[in-house]
Amino acid sequence: MELLNNLQNGVLLILGVAAFALCAWALVDCLRRPAGAFVAAGKRTKTFWTIIAAVAAAVAFVSVFSPLSIFGIISVVGAAVYLADVRPAVRQYGGGPRGGNRGGNQGPYGPW
């Protein structure tokens, strides 16, 4: 029975670390994008998404050992909304790696 308990705790820890990594990725990506790109893409402001991603990362860090709590789930949802909806739209307008066309290094299949 103790082995099963240790296995469950290990799985929860892996889920918690993965949730924190997802939220941290969303925060870092949000900080790397220019503020004008959010407005140009028709999304909320950079400040709004930075606050959402920062709070999500902080909550995910606190709930590493209980990622299936309501707060852990909400933090992952906040980061996932940014990564799935906002990031692709903002990415077209530059900032970060491979973001938009910044002039040089244009090949026949796009920037390189």
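Note that the structure is predicted; figures quoted are calculated from it, not measured.

Before going further, it helps to spend a moment on the overall build of the protein. Tallying secondary structure elements over the protein gives four helices and two strands in all. Looking at the protein as a whole, 32% of its 112 residues qualify as buried. In the protein, the proportion of contacts linking residues at least 24 apart, taken out of those at least 6 apart, comes to 67%.

Turning next to the nonpolar core. Across soluble globular proteins, you tend to see nonpolar side chains buried next to one another. Counting 16 residues, the largest nonpolar core has C23, F38, W49, Y82 and V86 as its most contacted members. Listing elements by their share of this core, those giving two or more residues are α1 (2–32), α2 (35–40), α3 (46–62) and α4 (70–91). Setting aside its immediate chain neighbours within four residues, V86 contacts F38, K43, W49 and V81.

This part covers the packing of α1 against α3. Across the interface, α1 lies against α3 with an axial gap of 8 Å and an inter-helix angle of 155°. Judged by the inter-axis angle, α1 sits roughly antiparallel to α3. Judged by the sense of rotation from one axis to the other, the crossing of α1 with α3 is left-handed. Contacts between α1 and α3 involve A19, F20, C23, A24, A26, L27, C30 and L31 from the first element and K46, W49, T50, A53, A54, A56, A57, A60 and F61 from the second. Class assignment for the residues of the contact of α1 with α3 results in 15 nonpolar, one polar and one charged.

Quick look at the confidence of the model for the protein now. On average, residues of the protein score 89 in pLDDT, and 86% of them are at 70 or above. The least confident element of the protein, judged by mean pLDDT, is strand β1 (residues 106–107) at 64; the most confident is α3 at 97.

Each value, and the rule that gives it
- Residues numbered from 1 in each chain as written.
- Predicted model: local features only at pLDDT ≥ 70, side-chain atom pairs only at ≥ 80, totals over all residues.
- Heavy atoms only, no water.
- Helix = DSSP H or I, 4+ residues; strand = E, 2+ residues; numbered from the N terminus.
- Buried < 20%, exposed > 50% of the residue type's maximum accessible area, 1.4 Å probe, protein only.
- Contact = heavy atoms within 4.5 Å.
- Core = buried A, V, L, I, M, F, W, Y, C linked by side-chain atoms within 4.5 Å.
- Axes fitted to C-alpha atoms, helices over the stretch in contact; angles between N-to-C directions.
- Parallel < 35°, antiparallel > 145°, perpendicular 65-115°, else oblique.
- Left-handed = near helix turned anticlockwise from the far one by under 90°.
- Nonpolar A, V, L, I, M, F, W, Y, C, P; charged D, E, K, R; others polar.
- pLDDT = per-residue confidence, 0-100.

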